Amino acid sequence: MKIDAELLAKLPEDSSARTQLLELLEESVNRLKSDIGATRSLPQLAIAVPGGVGFVWLTFWLWQQGEWWQYLLAILAGCLSVFCIFGAFDAAEVRVREAKKFEAPRSEVVPPSEVGH
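Residues numbered from 1 in each chain as written. Predicted model: local features only at pLDDT ≥ 70, side-chain atom pairs only at ≥ 80, totals over all residues. Heavy atoms only, no water.

K.L.:
Give me the overall build of the protein: which residues, what numbers.
P.N.:
Each helix and strand counted, the protein has 4 helices and 2 strands in total. When the elements of the protein are put in sequence order from the N terminus, they spell out α-α-β-α-α-β. Long-range pairs, those at least 24 residues apart, make up 57% of the contacts in the protein between residues at least 6 apart in sequence. (Helix = DSSP H or I, 4+ residues; strand = E, 2+ residues; numbered from the N terminus. Contact = heavy atoms within 4.5 Å.)

This is the structure:
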């Protein structure tokens, strides 16, 4: 962004390239402002990564067993490993924190002393 800002200062005022570069810089600044309160889901990531690795290992181990149930349980473990791997990628994504959705407005809150009167 620093290089773009320096280039913006060198471009003529009435240039279309200056207008496009200015829009690009404003978009970058707005994206950075929106990421200020962003976070990752670390507990979900801490569960999903070892779970994914463990279920992949379990899938291969079950597939090599010599019993009648090996394929059914290996397919089940494989599905769970895919679920954990997608969960790990979902947890690693940076997200903006959302405000509490189910908060009652202050005007509708009734004090306990007035309930039932």
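Moving on from the model shown.
K.L.:
Please provide a residue-by-residue account of a nonpolar patch on the surface, values included.
P.N.:
On the surface, a cluster of nonpolar side chains totalling about 400 Å² of accessible area is made up of Val-56, Phe-60, Ile-85 and Phe-89. Mapped onto the nonpolar patch, the elements with two or more residues apiece are helix H3 (42-63) and helix H4 (70-92). In this structure, Phe-60 sits in helix H3. Taking the relative accessible area as the measure of exposure, Phe-60 reaches 54% and is therefore exposed. (Patch = residues over 30% accessible without salt bridge, like charges linked within 9 Å, V, L, I, M, F, W, Y side chains within 5 Å. Areas by Shrake-Rupley, 256 points an atom, 1.4 Å probe, with all protein chains shown as cover. Salt bridge = Lys/Arg side-chain N within 4 Å of Asp/Glu carboxyl O. Buried < 20%, exposed > 50% of the residue type's maximum accessible area, 1.4 Å probe, protein only.)

K.L.:
Before we move on, can you summarise H4 with the specific residues and values?
P.N.:
A rise of 1.5 Å per residue sets the reference length of H4, with its 23 residues, at 33 Å; its end C-alpha atoms lie 33 Å apart and thus fit the reference within 8%. Summarising the contacts, the buried residues of H4 are in contact with H3. (Expected span 1.5 Å × (residues − 1).)

K.L.:
Break down the environment of Ile-75 for me, with residues and values.
P.N.:
Among the secondary structure elements, Ile-75 is positioned in helix H4. Taking the C-alpha atoms as reference points, Ile-75 and Leu-62, 13 residues apart in sequence, are found 9.0 Å from one another.

K.L.:
Any details on the packing of aromatic side chains? Residues and values, ideally.
P.N.:
One pass over the full model with this rule turns up 2 aromatic pairs. Between Trp-63 and Tyr-71, the ring centres sit 4.6 Å apart and the planes meet at 75 degrees, which makes this aromatic pair edge-to-face. The class of Tyr-71 is partly exposed, set by a relative accessible area of 44%. (Phe/Tyr/Trp six-rings, centres within 6.5 Å; stacked < 30°, edge-to-face > 60°.)

K.L.:
Tell me about the side chain of Gln-70, and please be specific about residues and values.
P.N.:
The residue Gln-70 is located in helix H4 in this model. Owing to a relative accessible area of 7%, Gln-70 belongs among the buried residues under this scheme.

K.L.:
An account of the environment of Leu-62 is requested, with residue identities and associated values reported.
P.N.:
Relative to the helices and strands, Leu-62 is located in helix H3. Excluding residues within four positions of it along the chain, Leu-62 makes contact with Trp-69, Gln-70, Leu-73, Ala-74 and Ala-77.

K.L.:
So what's going on with the packing of H3 against H4? Which residues, and what values?
P.N.:
Their axes nearest at 7 Å, the elements H3 and H4 cross at an angle of 155 degrees. Accordingly, the angle class assigned to the pair H3 and H4 is roughly antiparallel. Taken as a pair, H3 and H4 cross one another with a handedness that is left-handed. Taken together, the residues of the contact of H3 with H4 break down into 19 nonpolar, 8 polar and 1 charged. (Axes fitted to C-alpha atoms, helices over the stretch in contact; angles between N-to-C directions. Parallel < 35°, antiparallel > 145°, perpendicular 65-115°, else oblique. Left-handed = near helix turned anticlockwise from the far one by under 90°. Nonpolar A, V, L, I, M, F, W, Y, C, P; charged D, E, K, R; others polar.)

K.L.:
Mind laying out the environment of Gly-51, listing which residues take part and the relevant values?
P.N.:
Relative to the assigned elements, Gly-51 resides in helix H3. Residue class for Gly-51 comes out buried when judged on its relative accessible area of 18%. Sequence separation between Gly-51 and Leu-80 is 29 residues; the distance between their C-alpha atoms is 8.5 Å.

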